[in-house]
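# Structural characterization, general
Letter by letter, the chains look like this.
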Amino acid sequence: MPEQTRARAPHRALDALRQGARRLDRATPASRDRAADALRALAILGVVLGHWLVTALVSRDGALHTESPLRHQPWLAPVSWLFQTLAVFFLVGGHEATRSLATARAAGDSYGHWLRARLTRLLRPVTALLVLWTVTAAALLLTGTSLTTVHSLVKLALSPLWILLVHAALTAATPLVARLHPLWPLAVVLHVDLLRFGLHLGPSWLGWTNLAAGWLVPYTLGAAWARGELRSRRSALALLLGGTAATALLVGCAGYPASLTGVPGSAVSPLSPPTLAAVTLGLAQCGLALLLRDRLRRAAARPLARSAVVLVDLSAMTVFLWHQTAMTATTVTGLVAGRLPGLHTAPDSPLWVAYRLAWLPVFAVALALCLAAFRHREQGPHRARRRPSKVVHRHLPPRKSPHHA
């Protein structure tokens, strides 16, 4: 009998998973674009895996220092091309914000009400992250932890905030930029880089103009997608091939760094602020995403796949905000056992990459714990349903009719 029970356990778990998937599928409005949801989930997971693979905290001289395998192993640069998926994140953001604003206007909602609703879920999880790391940094300093270690940990843990702030600013500007042609912000990035790297002119802060202009390019592409202007495969192919060719030329002939994510000690950061090469790579990624829309839509229509997408989307901001905290918490905890390979050692060999891949499931477990603790901050308080009590209802005496009275 126990053997039969154990044999049925996987089937019961699979049935429960299927039932949960069907409930999530039925609860999803028919107007939702399943392709956009799938792309958002893939973009978030790409950023998470990219950060976990190319960021290391090396134990050296009694402190933790931020390092990157891209600095010691340039052959890993294509990894940054694959997992630096922020452009897809902003593409979906522009698409969803434009559609949401149009729906709100059709329903008679004001811009202020719409913006509060959009930003509440976006920024609600931030407070928990800031409070936890304020307390953690103070505790580490009071216990004698070196300032270098505290700076490395806090900088990594709070690094996702700048992307979230840019996204919030673009969301607030949606009524102004929803019909902006993507060529305009792309032209701004081109001229800024020409002044910075070609002519070596302009003030030092000029490059930060690209922080808005660079991410406006995929955001306005998403708005164009919402308006139905990028439905053809020809436009998606043009973005994919043109963006790929431009990125290859900029890296191969114009001296842009091959790594398109930040590398400690590098003279030029591809993302802080975004360079023209990072923007053209984003164009290629957006073209690929648009090419895959129909396939993703069909795949996400299946209940199990749909439930996975919905589960990621429901906690997207929590995953995005806490994935670096999960990695740093694992790294600091691991110091109890000494310098562990792939966790505290220098990322200067292919062996380190193999060890880091083995650590990814541990990071995932730590992130799952963060989700269990903090995802309610994103989803908001659950309101109890007001249902009449069956016990009270059954035992109430029948009402007397006027005749009986």
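Read on for an overview of the structure. (Residues numbered from 1 in each chain as written. Predicted model: local features only at pLDDT ≥ 70, side-chain atom pairs only at ≥ 80, totals over all residues. Heavy atoms only, no water.)

### Overview of the overall build of the protein
Looking only at helices and strands, the protein features 19 helices and two strands. By the burial criterion, 44% of the 405 residues in the protein qualify as buried. Contacts in the protein between residues at least 24 apart in sequence constitute 79% of all its contacts with a sequence separation of at least 6. Per element, the accessible surface of the protein, about 21,900 Å² overall, is 65% carbon and sulfur. (Helix = DSSP H or I, 4+ residues; strand = E, 2+ residues; numbered from the N terminus. Buried < 20%, exposed > 50% of the residue type's maximum accessible area, 1.4 Å probe, protein only. Contact = heavy atoms within 4.5 Å. Areas by Shrake-Rupley, 256 points an atom, 1.4 Å probe, with all protein chains shown as cover.)

### Here's the deal with the pattern of salt bridges
Counted by the stated rule, this structure contains five salt bridges. The partner of Asp-37 in a salt bridge is Arg-40, with the nearest N and O atoms 3.2 Å apart. Here the residue Asp-37 and the residue Arg-40 both occupy positions in helix H2 (residues 34-54), the gap between them amounting to three residues, near one helical turn. You'll find Asp-37 and Arg-40 in the same group, each marked buried. With a closest N to O distance of 3.7 Å, Asp-193 and Arg-196 form a salt bridge. (Salt bridge = Lys/Arg side-chain N within 4 Å of Asp/Glu carboxyl O.)

### Topic: empty space enclosed by the protein
Empty space among the atoms becomes visible once a probe the size of a water molecule is rolled across them. Taken as a whole and assessed by the stated rule, the structure comprises one cavity of 30 Å³ or more. For the largest cavity, the calculated volume is near 50 Å³. Lining the largest cavity we find Ala-87, Gly-214, Trp-215, Val-217, Pro-218, Pro-274, Ala-278, Val-279, Gly-282, Leu-283 and Cys-286. Looking at which element gives the most residues to the lining of the largest cavity, the answer is helix H14 (residues 276-291), with five residues. (1 Å grid on protein atoms, 1.4 Å probe; cavity = no way out; pocket = protein on both sides within 12 Å on 5 of 7 lines; lining within 4 Å. Points joined across faces, edges and corners; volume = space filled by probe spheres on them.)

### Considering helix H5 (residues 86-106)
Taking 1.5 Å per residue, 21 residues should reach 30 Å; H5 reaches 30 Å between its end C-alpha atoms and fits that length. The buried count for H5 comes to 15 of 21 residues, which makes it a mostly enclosed element. Phi turns positive, to about 85 degrees, at Gly-108, one or two residues after H5. (Expected span 1.5 Å × (residues − 1).)

### Overview of the packing of aromatic side chains
Describing an aromatic ring pair means giving the distance of the ring centres and the angle of the ring planes. In this structure the tally under the stated criterion is seven aromatic pairs. An angle of 80 degrees between the planes, with centres 5.5 Å apart, marks the rings of Phe-89 and Phe-90 as edge-to-face. Each member of the pair, Phe-89 as well as Phe-90, is classed as buried. In textbook terms, an aromatic cluster arises when at least three aromatic residues are bridged by ring pairs, as seen for Phe-89, Phe-90, Trp-215 and Phe-320. (Phe/Tyr/Trp six-rings, centres within 6.5 Å; stacked < 30°, edge-to-face > 60°.)

### Observations concerning unusual backbone geometry
Ser-272 connects to Pro-273 through a cis peptide bond whose omega is 0 degrees. Tracing the backbone shows Pro-273 in the loop between helix H13 (233-253) and H14. Its identity is not glycine, yet Asp-61 carries a phi of approximately 55 degrees, on the positive side. In this structure, Asp-61 sits in the loop between strand E1 (56-60) and strand E2 (63-67). In the Ramachandran plot, His-200 falls in the positive-phi region, its phi being about 55 degrees despite a non-glycine side chain. As for its placement among the helices and strands, His-200 is situated in the loop between helix H11 (183-198) and helix H12 (210-226).

### Observations concerning the environment of Leu-230
Looking at where Leu-230 falls in the secondary structure, it is placed in the loop between H12 and H13. The buried category is assigned to Leu-230, whose relative accessible area is 11%. As a C-alpha pair, Leu-230 and Leu-291 span 61 residues in sequence and 10.0 Å in three-dimensional space. Sequence-distant contacts of Leu-230, defined by excluding residues within four places in its chain, comprise Leu-221, Ala-224, Trp-225, Ser-235, Leu-290 and Arg-293.

### Quick look at the pairing of E1
Taking burial as the measure, the five residues of E1 include four buried ones, the bulk of the element. Two elements, E1 and E2, share five bridges in a ladder whose sense is antiparallel. What sits directly across from Ser-59, in E2, is Leu-64. Once E1 ends, the chain turns through two residues before running back antiparallel as E2, passing Asp-61 with a positive phi of about 55 degrees. (Pairing = 2+ DSSP bridges.)

### Description of the environment of Gly-255
With respect to the helices, strands and loops of the structure, Gly-255 is situated in the loop between H13 and H14. Assessed through its relative accessible area of 65%, Gly-255 is described here as exposed. The sequence separation of Gly-255 and Phe-197 amounts to 58 residues, and the corresponding C-alpha distance is 9.3 Å.

### Quick word on the side chain of Glu-67
Looking at the secondary structure, you find Glu-67 in strand E2. Using a relative accessible area of 9% as the deciding quantity, one classes Glu-67 as buried. A polar atom in the side chain of Glu-67 sits 3.3 Å from the side chain of Arg-71. Beyond its immediate chain neighbours, meaning those up to four positions away, Glu-67 contacts Val-54, Thr-55, Ala-56, Val-58, His-72, Pro-264 and Pro-347. (Polar contact = N/O pair within 3.5 Å; in protein donor to acceptor, adjacent residues only side chain to side chain.)

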